[in-house]
Amino acid sequence: MINHFEECIELLNKRGVTLDDIVECVIYLQKPYLKEINNEEIKETIISVINKREVQHAIITGINIDIASDDKVFYTKDLSKILDKDFSLYGVDEVLAYGICNLYGSIALTNFGYIDKTKPGIIGVLNKDKTRCNTFIDDIIGAIAAAAASKIAHGK
């Protein structure tokens, strides 16, 4: 199977997200529990999460849906309206993110719920940006951060 890691990083970067942005989100989740936080260790953990095929597929799918909404190419025109407004009852974006979290256990799911509610760092920036569709990417970033925080917690 083809590894799409570089494509995922490129898509994230094109949408304004860097690995360092995700590191900040992991720190937000782990700071209360770790005496020492090593940014390089966190970045390596994030990279290991993104290197999983299922995570890559979620990133590629979600970001492509956001881009398609920006481009107004959906057959069902109301779908773009729903996505552009990130309607709270839509929920498919969270379901895609759960797929990432489910790979890392219940801690990842609870971390995701918390970070999705509080929207720190880049997640909040993306959520407030109404110039383009960020419906899927903000949840994907939250899920990657939650998964990485869970992986770190499991190792401590």
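What counts, and at which threshold
Residues numbered from 1 in each chain as written. Predicted model: local features only at pLDDT ≥ 70, side-chain atom pairs only at ≥ 80, totals over all residues. Heavy atoms only, no water. Helix = DSSP H or I, 4+ residues; strand = E, 2+ residues; numbered from the N terminus. Rg over C-alpha atoms; globule rule 2.2 N^0.38 Å. Buried < 20%, exposed > 50% of the residue type's maximum accessible area, 1.4 Å probe, protein only. Contact = heavy atoms within 4.5 Å. Areas by Shrake-Rupley, 256 points an atom, 1.4 Å probe, with all protein chains shown as cover. Lys, Arg positive; Asp, Glu negative; His and termini not counted. Charge placed at Lys NZ, Arg CZ, Asp CG, Glu CD. Phe/Tyr/Trp six-rings, centres within 6.5 Å; stacked < 30°, edge-to-face > 60°.

A. Spatial organisation of the overall build of the protein chain. Of the regular secondary structure elements, the protein chain holds nine helices and zero strands. Taken from N to C terminus, the helices and strands of the protein chain fall in the order α-α-α-α-α-α-α-α-α. Computed over C-alpha atoms, the radius of gyration of the protein chain comes to 15 Å, within 12% of the 15 Å expected from 2.2 N^0.38 for 156 residues, which places it in the range of a compact globule. Principal-axis analysis of the C-alpha atoms gives the protein chain an extent of 50 × 35 × 25 Å. Here the protein chain holds 156 residues, and 45% of them are scored as buried. Look at the contacts in the protein chain between residues 6 or more apart in sequence, and 74% of them connect residues 24 or more apart. Roughly 8,300 Å² of accessible area belongs to the protein chain as shown, and the carbon and sulfur atoms make up 55% of that amount. The centroid of the 18 positive side-chain charges in the protein chain is displaced by 3 Å from the centroid of its 23 negative side-chain charges.

B. Molecular detail of the environment of I22. Its location among the elements puts I22 in helix α2 (residues 19–30). On the basis of relative accessibility, which here comes to 0%, the residue I22 falls in the buried class.

C. Examining the packing of aromatic side chains more closely. Considering all chains together, one arrives at three aromatic pairs under this definition. Taking the centre distance of 6.3 Å and the plane angle of 80° together, the rings of Y90 and F136 count as edge-to-face. Here the residue Y90 occupies a position in the loop between α5 (77–85) and α6 (92–101), and F136 occupies one in the loop between α8 (121–128) and α9 (137–155), the gap between them amounting to 46 residues. Classification of F136 by relative accessible area gives buried; the value is 1%.

Note that every value here comes from positions in space, so none of it alone points to a role or purpose.
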